[in-house]
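Single-letter residue listing:
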Amino acid sequence: MSPDPTPGRSIIRFGSLTARLHYPRERHGVDVATIFGTSLKTPSPELLSKVELEIHFTEPGRDEWPNRPDIPEDGMILRHLPACPEIHTEAISARLERGQTPARIEVAVFEPDMPHFDLCVHFAVVFHKLLFLMGRVVLHAAAVRFQGNVVLFLGDKGAGKSTVCLELARQGGTVLGEDHLILTRILDRSSLPGSRAAAHFRVSGCDERSRLTSKTERHFFDEPLEGEVRDFAGTLKKEMHAGALFDSLPYTDHPADLLFFSRVGESFRVTELPRQLALLKLMQATGKLQRFVDPMDRSRFLDLLSDFVRTIRAFDLELSDDLGELHRLVELLQDQAGEPTR
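A quick note: this is a predicted structure, and the numbers were derived from the prediction, not measured.

Engineer: Explain the pattern of salt bridges to me, please; I cannot follow it from the model alone.
Structural biologist: Should the charged atoms of two oppositely charged side chains come close, the side chains can pair. All chains considered together, the criterion is met by 27 salt bridges. A salt bridge links arginine 291 to aspartate 74; its shortest N-O distance comes to 3.7 Å. One end of the pair, arginine 291, is in the loop between helix H6 (275-287) and helix H7 (295-309); the other, aspartate 74, is in the loop between strand S3 (51-58) and strand S4 (76-79), and 217 residues separate them in sequence. What makes aspartate 74 exposed here is its relative accessible area of 54%. As a salt-bridge pair, arginine 79 and glutamate 86 come within 3.2 Å of each other at their nearest N and O atoms. Assessed through its relative accessible area of 26%, arginine 79 is described here as partly exposed. A cluster of three or more residues bridged by salt bridges with shared partners is formed by Asp207, Arg209, Arg211, Arg230 and Glu239.

What follows is the structure, encoded as structure tokens:
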């Protein structure tokens with residue numbers, strides 16, 4: 001476990017994006033970390049050398065933010081200012097200053113004492129949008145580098161992501177992340193004037209922790225693992241340091257090759273998806289984490305996902321409740337090794 005973060009200042013890693021947080025209340029940093037499946041870390045020389053983003057939380061009065069707009073109830077306003085876009089909700093205003101190095105985000109929390117769950121909803125809405133403005137999208141997914149391909153498994157809680165990661169790791173794979181990933185679009189600015197900038201994509205894991213149900217633990221290990229059983233969103237699991245169980249490489253960027261929409265059903269089944277259907281499923285899975293303020297906002301998000309789908313092969317994956325059948329997934333991915341994905 002990491003030592004307690006320095007009061008008022010911590011490091012948070014959104015995948016490969018390292019940010020330094022400054023806050024009047026440590027709770028704000030903890031809440032944001034929890035939303036994105038990561039943890040606060042104590043600043044160290046190594047981490048500080050990677051900082052690309054400074055995030056400053058303040059708690060000003062409402063009249064201290066210049067030209068703050070009137071916010072409709074349960075609404076959000078996005079000001080598309082090229083160098084310094086702004087996001088406003090009833091409880092929070094945020095400004096992204098990307099014309100400097102490191103980039104800077106100002107987050108004004110106007111209602112710090114509102115009910116905790118409600119405040120976390122505002123944080124989630126605002127920070128998902130801030131990341132998107134930086135060309136990043138959060139995926140509730142796992143990623144494993146296996147047999148030369150980076151394989152993504154996207155699914156909700158109970159979709160088998162952690163179990164699949166452990167199976168592939170035991171067969172020689174390296175786990176990049178098992179629950180939250182950051183998908184990053186990188187634009188090629190060398191494109192001809194007037195043409196659309198070419199894009200390529202990278203994925204990175206948000207944390208080095210692994211969480212196992214008792215069923216998964218019994219299947220893979222002869223003896224119980226050390227660790228406390230805790231409730232994670234209604235499911236009892238043990239949380240372990242991933243590096244103690246398998247090869248783990250979070251916070252590093254990798255090009256994605258294969259994407260599986262995972263779920264647990266009655267039998268093992270894999271179906272390759274046409275790009276249009278893959279895009280629809282990806283939009284359904286990731287769009288629910290976003291709040292769109294207008295058709296242009298939604299269109300920009302869809303464009304990013306559409307560009308990404310063109311770079312990978314996508315499959316629908318139904319896993320059996322019988323963990324012994326995971327060998328069929330291993331065999332399928334071994335067959336995919338070396339095949340072109342684009």
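What follows picks up the thread again.
Engineer: Is there a simple way to think about the sheet that holds strand S18 (residues 269-273) in this case?
Structural biologist: Paired through their backbone hydrogen bonds, the strands of a sheet run either parallel or antiparallel. Taken together, six strands build an open sheet; the order of strands is S11-S9-S10-S17-S19-S18 and the sheet is mixed. Taken across any chain shown, the strands that pair with only one partner, and hence form the sheet edges, are strand S11 (174-177) and S18. Put simply, the sheet's adjacent strands are angled 25° from each other on average, direction ignored. By the bridge criterion, five bridges tie S18 to strand S19 (residues 313-319) in an arrangement that is antiparallel. Its bridge partner being in S19, threonine 271 is matched across the sheet by aspartate 316. Taken strand by strand, helix H4 (residues 161-170) contacts strand S9 (141-146), strand S10 (149-154), S11 and S19, and its axis lies near 10° from that of S9.

Engineer: Explain the packing of helix H1 (residues 26-35) against helix H3 (residues 116-133) to me, please; I cannot follow it from the model alone.
Structural biologist: Helix-helix packing: each pair is described by the crossing angle between the helix axes and the interaxial distance. Relative to each other, H1 and H3 sit at 65°, their axes nearing to 10 Å. Judged by the sense of rotation from one axis to the other, the crossing of H1 with H3 is right-handed. Each of Arg27, His28, Asp31, Val32 and Ile35 in H1 lies in contact with H3, whose residues at this interface are His116, Leu119, Cys120, Phe123, Ala124 and Phe127. Across the contact of H1 with H3, the residue classes break down as seven nonpolar, two polar and two charged.

Engineer: Explain H4 here, please?
Structural biologist: Because each turn of an α-helix spans 3.6 residues, side chains separated by three or four positions end up pointing in the same direction. Where burial is concerned, most of H4 is hidden: nine out of the ten residues are buried. Taken together, the buried positions of H4 are occupied by Lys161, Ser162, Thr163, Val164, Cys165, Leu166, Glu167, Leu168 and Ala169. Within two residues after H4, glycine 172 carries a phi angle of roughly 105°, on the positive side.

Engineer: What am I meant to see in the side chain of glutamate 106 here?
Structural biologist: Residue placement: glutamate 106 occurs in strand S7 (residues 103-109). Overall, glutamate 106 belongs to the buried group, its relative accessible area being 15%. Within the structure, glutamate 106 has its side chain in polar contact with the side chain of arginine 104 (distance 2.4 Å).

Engineer: Help me out: how do you make sense of the packing of aromatic side chains in this one?
Structural biologist: Applying the stated criterion across every chain, the model contains nine aromatic pairs. An aromatic cluster of three or more residues is present, and its members are Phe57, Phe123 and Phe127.

Engineer: I'm lost on H3 in this one. Help?
Structural biologist: With 18 residues, H3 extends 26 Å between its outermost C-alpha atoms, agreeing within 8% with the 26 Å of an ideal straight helix rising 1.5 Å per residue. Of all 18 residues in H3, 14 are buried; the element is thus mostly enclosed. Once H3 ends, the next one or two residues include glycine 135, with phi positive near 80°.

Engineer: Help me understand the environment of leucine 245 in this model?
Structural biologist: As for its placement among the helices and strands, leucine 245 is situated in the loop between strand S16 (235-241) and strand S17 (258-264). Of the residues examined, leucine 245 reaches a relative accessible area of 17% and is grouped as buried. Linking leucine 245 and leucine 166, residues 79 residues apart in sequence, is a C-alpha distance of 8.1 Å. Not counting the four nearest positions on each side in its chain, leucine 245 is found in contact with Ser210, Leu212, Phe221, Leu225 and Met240.

Engineer: Please clarify how the sheet that holds strand S13 (residues 198-205) should be interpreted in this entry.
Structural biologist: Read from one edge of the open sheet, three strands run S8-S12-S13, paired in antiparallel fashion. Of all strands in the sheet, those bounded by a partner on one side alone are strand S8 (136-139) and S13. Each strand axis lies, on average, 25° off the axis of its neighbour in the sheet, ignoring direction. Taken together, the four bridges between S8 and strand S12 (residues 181-188) define a ladder with antiparallel strand orientation. The residue of S12 that forms the bridge with leucine 139 is leucine 181. Of the strands in this sheet, S8, S12 and S13 are in contact with H7, which crosses S12 at around 90°.

Definitions and limits used
- Residues numbered from 1 in each chain as written.
- Predicted model: local features only at pLDDT ≥ 70, side-chain atom pairs only at ≥ 80, totals over all residues.
- Heavy atoms only, no water.
- Salt bridge = Lys/Arg side-chain N within 4 Å of Asp/Glu carboxyl O.
- Helix = DSSP H or I, 4+ residues; strand = E, 2+ residues; numbered from the N terminus.
- Buried < 20%, exposed > 50% of the residue type's maximum accessible area, 1.4 Å probe, protein only.
- Pairing = 2+ DSSP bridges.
- Axes fitted to C-alpha atoms, helices over the stretch in contact; angles between N-to-C directions.
- Contact = heavy atoms within 4.5 Å.
- Left-handed = near helix turned anticlockwise from the far one by under 90°.
- Nonpolar A, V, L, I, M, F, W, Y, C, P; charged D, E, K, R; others polar.
- Polar contact = N/O pair within 3.5 Å; in protein donor to acceptor, adjacent residues only side chain to side chain.
- Phe/Tyr/Trp six-rings, centres within 6.5 Å; stacked < 30°, edge-to-face > 60°.
- Expected span 1.5 Å × (residues − 1).

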